Protein chains: 2
Amino acid sequence: MEEKIKQLRNLLVEISDLRNTASVLEWDQRTYMPSGGAEGRGNQLALLRRLVHERETSPELGKLLEDLKPFALSLDPDSDDARLVKVTARLYGKALRVTPKYILELNRVTSLGQQAWMEARAKSDFSIFRPHLEKVVALRREYASFFPEVEHPYDALLDDYEPNMKTADVKVIFDGLRPKQVELIRAIAGKPQVDDSFLHQPFDEKKQWDFGVEVVTRFGYDWKRGREDKATHPFSISFGINDVRITTRVNPDYLGSMLFGSMHECGHALYGMGCAPELDRTGLEGGASLALHESQSRMWENLVGRSLPFWECFHPRLQQVFPQLADIPLEKFYKGINRVQPSLIRVEADEATYNLHIMLRLEMEIALLEGSVTAGDLPQMWNQKMQEYLGVVPPDDARGVLQDIHWSTGDIGYFSTYALGNLVSVQLWEKVNQDIPDLTEQIRKGQFNTLLGWLGEKVHRHGAKFEPQELVQKVTGSKIDPEPYLRYLTKKYSQIYGL
Amino acid sequence: MEEKIKQLRNLLVEISDLRNTASVLEWDQRTYMPSGGAEGRGNQLALLRRLVHERETSPELGKLLEDLKPFALSLDPDSDDARLVKVTARLYGKALRVTPKYILELNRVTSLGQQAWMEARAKSDFSIFRPHLEKVVALRREYASFFPEVEHPYDALLDDYEPNMKTADVKVIFDGLRPKQVELIRAIAGKPQVDDSFLHQPFDEKKQWDFGVEVVTRFGYDWKRGREDKATHPFSISFGINDVRITTRVNPDYLGSMLFGSMHECGHALYGMGCAPELDRTGLEGGASLALHESQSRMWENLVGRSLPFWECFHPRLQQVFPQLADIPLEKFYKGINRVQPSLIRVEADEATYNLHIMLRLEMEIALLEGSVTAGDLPQMWNQKMQEYLGVVPPDDARGVLQDIHWSTGDIGYFSTYALGNLVSVQLWEKVNQDIPDLTEQIRKGQFNTLLGWLGEKVHRHGAKFEPQELVQKVTGSKIDPEPYLRYLTKKYSQIYGL
């Protein structure tokens, strides 16, 4: 059996190396590639995806997994080998269900769909995107049909982003969250607004960049195993645990993009860098799920980066770099970066309103999967829910239903992981503050190594060994739970807005 | 047969896409990759090379080529399809001879060899590199033994870089060249030296970069299908005909590195960008040979970029960018950038001495292949030949036998293509000046589109359809010939040095 485990690992190494190769190509595509390279790059990536899929569904892999199943059951269920067999068998079983014809068709439809979406958004004309979205929805419904055993068709989609998470569970979580977040926002709206105009003024781009580098370096980002570049839509990406890169956007007239964007991507990257070396090139090196990944990015961005103790340390330094902030005292600065304002665009939303943007998307996705609404119903449904949850209505579809790329790429099922990540970030935060009682004091001194060490030990090193709910349970003692997040929001904004 | 041609093209598309994928990984490795990524990148590249080799030697490809051979003979021999079958069959036949064991062993030995070479060069201690070089030489002799039919064992190596070029032919060419180049250098040494000290002073790095960009833009480099980045060892690389990138090095205390380096790499890139679209992703898109590629880089660097007409246009502009050159008149500038001075380092050599650096390397490589010398004899042989050809002797091996990376990577057989490229550049130059009588006048006005159009039509668009000697013959009416280069050198330096 040792020999068969070795054979399994050899197959997984090849899949992992091909995936990492594709990631290098994607990184270049999103940072430096000249426009002329787009078609060729598409061809190269399509080939790599096919080579990966062939290997992920190979009879050789299936036979090995079959042979190894009894052996894996004889091992410590939390051992690397047991988990490797379990996780790989799960993914193999799923990949086998999907027909090569479906993959080709999804690639074709989403490739055209993305182009149509870009044009539709630029012209704010939903009718351009609508026929493409209809095809995407039909294909995603077909995907769900490959898994007839699921309780709800949406489960089949969600599972790809959030292993073993059920639609019903997400609904329960969101149902507990929504009325209280709506209530909180209304309460805040009744109070005098805080001022964040000082964030909106010209800031030297080079100085912004350098300050971001300084912060992520203090967080513990390892420059020997990563680098930072500029990108229009910032992201973090990994080519293995020893090359985990971040990107950022520098807005010359607004400090927030670079500042919180850099912390966010650094949070993702620290997760990737913290994986145990023995999991590298096994397929388990990538993080437990999108929600767990988002919990890390949001923790460093919000729970650290938008906290008062953090700015007690960094506010004087920021004023030194940008003398134009000299007359903005700490408290005013802190309130400004935490301003709550219902708005139209998800990616610009504050902590109090963000999840509501997710909820309306999730409800629409579920309805599309159930067939109770069609693509054509979305613009109206979007505006109605925006009014209901956030009290604002987009003046056009570009700032409404057309704002996100996800549906055009076929990523129906993805959105809820953003909100779940917010919840998990605070669950972990409550736990780490119990385990490290002087954490606030450390952050006040700009020391993050104990925090990073704790995250490494509890979360990062395990990679994708554990399912997300399982990991959250192991670390915090409960499954994904909205209560800590609500406690956090209420406490934070009561103080800021004097509720 | 049309169906089989289509099948052949489909196989070649996959090989080409895999090669281009590897090139993206190499570009990143040589520009931006953090040190931690080195091991993972090595693994990814080794996998891609294996996938390429599997496809290049697949029985499916062999069968198709066998079936297509008679059909190809019935076509116009210069048609794309006929050439595609011919060139692919040639490469297939060669790849089949090489054992997978040899490839693995060469990868292993050269991987260790490169590390040893770097250490040996840093410490100027040949004994560190010697045992590795011995293994490389043994392996390259083994490679030659896979082709027992060749006239000289070195032919087998040379053929990989310069298809169908024979050692005997190169010897004849170099034997005609060497005494005359040595004589020319001696004559120059008897004349007063020209001053180039103005090139060696601080130059603003950003302004250097921008000036280089301005020049290659004027040459016709297409920024929609390429980009420029910094690299310690500048190179040009292609990911298909619509993404052909260049790199450059900016030395803050010497203008020459950026200036002539950028033109050189642009010359390579224009070749890649000029290939006919119908050859893209066939394996024929890469240029006829290394010598042909070098003929393009050297033409733009030397025949254009170190010419008086070019600087009649660009000298005032350079003075505008760098006011510190205001008191350097055109003639002095022109002489300075063409200073001849026998020196130790090949990559810094001027046009009059460069080929001699190549010749001594070629003689040593041939002797190694013949077995008449061993790796241990090289340092002494190196110094003796440097004295004989250039009249200078390295004070240490770092500036002697250890200066180039090529032998550590297994690239025995590569060097002569540099010198052959110089010769071809002038053969083409004589021809283009016959075809475009007012070319000098155009260059004086900073107009390069007619030149680029001519090169595109005669050379670039053909990619690797023709063998290098065949292409040179087609365009110039004769095979590779040293006489034009000698005429060029003599005329140029007689004028500069008053011989």
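Residues numbered from 1 in each chain as written. Chains lettered and ligands numbered in written order. Predicted model: local features only at pLDDT ≥ 70, side-chain atom pairs only at ≥ 80, totals over all residues.

Q: Please provide a residue-by-residue account of the overall build of chain A, values included.
A: Along the backbone of chain A there are 20 helices and 3 strands. Computed over its C-alpha atoms, the radius of gyration of chain A comes to 23 Å, within 12% of the 23 Å expected for a compact globule of 499 residues. For chain A, the spread of C-alpha atoms along the three principal axes comes to 70 × 50 × 45 Å. The burial tally for chain A puts 44% of its 499 residues in the buried class. Pairs at least 24 residues apart make up 71% of the contacts formed inside chain A by residues separated by at least 6 positions. (Helix = DSSP H or I, 4+ residues; strand = E, 2+ residues; numbered from the N terminus. Rg over C-alpha atoms; globule rule 2.2 N^0.38 Å. Buried ≥ 20, exposed ≤ 12 C-beta atoms within 10 Å, placed from the backbone. Contact = placed C-beta atoms within 7 Å.)

Q: So what's going on with the sheet that holds strand β1 (residues 228-230) of chain A? Residues and values would help.
A: Either a parallel or an antiparallel arrangement is found when strands of a sheet pair, and the pairing is made through backbone hydrogen bonds. Residues and elements named next belong to chain A. Taken in spatial order, the 3 strands line up as β1-β3-β2 in an open sheet, and their pairing is mixed. Looking at strand neighbours, the two that pair on one side only are β1 and β2 (236-238), the edges of this open sheet. On average, each strand axis in the sheet is inclined to that of its neighbour by 25 degrees, with strand direction left out of account. Pairing analysis gives 3 bridges linking β2 to strand β3 (residues 244-248), with the strands arranged antiparallel. Looking at the pairing, Ile237 lines up with Arg245 of β3. Contacts between helix α1 (residues 2-31) and the sheet are confined to β1, β2 and β3, with β2 contributing the most and set at about 155 degrees to the helix. Packing of helix α10 (residues 256-273) onto the sheet brings it into contact with β2 and β3, and relative to β3 it is tilted by some 170 degrees. (Pairing = 2+ DSSP bridges. Axes fitted to C-alpha atoms, helices over the stretch in contact; angles between N-to-C directions.)

Q: Provide a residue-level description of the environment of Asp222(A), including the pertinent values.
A: Checked against the element boundaries, Asp222(A) lands in the loop between α9 (205-219) and β1. Along the backbone, Asp222(A) and Arg245(A) are 23 residues apart, and their C-alpha atoms lie at a distance of 9.8 Å.

Q: Tell me about the interface of chain B and chain A, and please be specific about residues and values.
A: The partner chain A presents 28 residues to the 28 residues of chain B that form the contact. Of all the secondary structure elements, the ones that give two or more residues to the side of chain B that touches chain A are α1 (2-31) and α2 (38-56) of chain B. Ranked by residue count, the leading element in the side of chain B that touches chain A is α1(B), at 7 residues. When its residues are assigned to classes, the side of chain B that touches chain A shows 9 nonpolar, 11 polar and 8 charged. (Nonpolar A, V, L, I, M, F, W, Y, C, P; charged D, E, K, R; others polar.)

Q: Describe in detail the sheet that holds strand β1 (residues 228-230) of chain B, supporting the description with residues and values.
A: Residues and elements named next belong to chain B. With mixed pairing, the 3 strands of this open sheet are ordered in space as β1-β3-β2. With one partner strand each, in any of the chains shown, β1 and β2 (236-238) form the two edges of the open sheet. Direction aside, neighbouring strands of the sheet carry axes that sit 25 degrees apart on average. By the bridge criterion, 3 bridges tie β1 to strand β3 (residues 244-248) in an arrangement that is parallel. The partner of Lys230 across the bridge, within β3, is Thr248.

Q: Any details on the relation of the copies chain B and chain A? Residues and values, ideally.
A: It takes a turn of 180 degrees to lay chain B on chain A, together with a shift of 0.0 Å along the axis; the resulting RMSD is 0.0 Å. The operation mapping one copy onto its partner corresponds to a two-fold rotation axis. Same-surface contact between copies: 100% of interface residues of chain B are shared with the interface of chain A. (Least-squares fit on C-alpha atoms with pLDDT ≥ 70 in both.)

Q: So what about the packing of α1(B) against helix α3 (residues 59-74) of chain B? Which residues, and what values?
A: Residues and elements named next belong to chain B. Axis separation between α1 and α3 bottoms out at 10 Å; the angle between their running directions is 145 degrees. For α1 against α3, the interelement crossing comes out left-handed. Side by side, α1 and α3 meet where Lys4, Ile5, Gln7, Leu8 and Leu11 of the first sit next to Glu60, Leu61, Leu64, Asp67 and Leu68 of the second. Taken together, the residues that form the contact of α1 with α3 break down as 6 nonpolar, 1 polar and 3 charged. (Left-handed = near helix turned anticlockwise from the far one by under 90°.)

Q: Break down the domain arrangement of chain A for me, with residues and values.
A: Residue and element names in this part refer to chain A. When cut into domains, chain A gives domain 1 (2-152) and domain 2 (153-499). Taken together, the contact pairs 43 residues of domain 1 with 41 residues of domain 2. Looking at the side of domain 1 that touches domain 2, the elements with two or more residues in it are α1, α4 (80-97), α5 (100-123) and α6 (126-145). Looking at side-chain class alone, the side of domain 1 that touches domain 2 contains 20 nonpolar, 11 polar and 12 charged residues. (Domains from an automatic or database assignment.)

Q: Run through the pairing of β3(A), naming residues and quoting values.
A: Residue and element names in this part refer to chain A. Across the 5 residues that make up β3, a large majority, 5, are buried. Judged by which residues are buried, β3 turns out to be covered on both faces: Val244, Ile246 and Thr248 on one side and Arg245 and Thr247 on the other are all buried. Between β2 and β3, which pair antiparallel one after the other, the connecting turn spans 5 residues, and Gly240 there sits at a positive phi close to 115 degrees.

Q: Could you give an account of the packing of helix α6 (residues 126-145) of chain B against helix α7 (residues 153-161) of chain B, with specific residues and numbers?
A: All names here are of chain B. Contact geometry for α6 and α7: axes closest at 8 Å, N-to-C directions at 95 degrees. It follows from the interaxial angle that α6 and α7 lie roughly perpendicular. For the pair formed by α6 and α7, the contact residues are Arg140, Arg141, Tyr143 and Ala144 on the first element and Pro153, Ala156 and Leu157 on the second. A per-class count over the contact of α6 with α7 returns 5 nonpolar, no polar and 2 charged. (Parallel < 35°, antiparallel > 145°, perpendicular 65-115°, else oblique.)

Q: So, helix α12 (residues 308-321) of chain A: which residues are in play, and what are the values?
A: All names here are of chain A. Here α12 spans 19 Å end to end across 14 residues, near enough to the 20 Å set by a 1.5 Å rise per residue. The largest bend in α12 is about 45 degrees, located at Phe314, with the proline Pro316 one to four residues further on. Listed in full, the buried residues belonging to α12 are Phe310, Trp311 and Phe314. Those residues of α12 that are buried are in contact with α9, α11 (290-304), α13 (330-337) and α17 (439-444). (Expected span 1.5 Å × (residues − 1). Bend = angle between axes of the 7 residues up to and from the residue.)

Q: How would you explain the confidence of the model for chain A if you had to name every residue and give the values?
A: Mean pLDDT for chain A: 97, with 100% of residues reaching 70 or above. With pTM at 0.96, the complex prediction returns an ipTM value of 0.95. (pLDDT = per-residue confidence, 0-100.)

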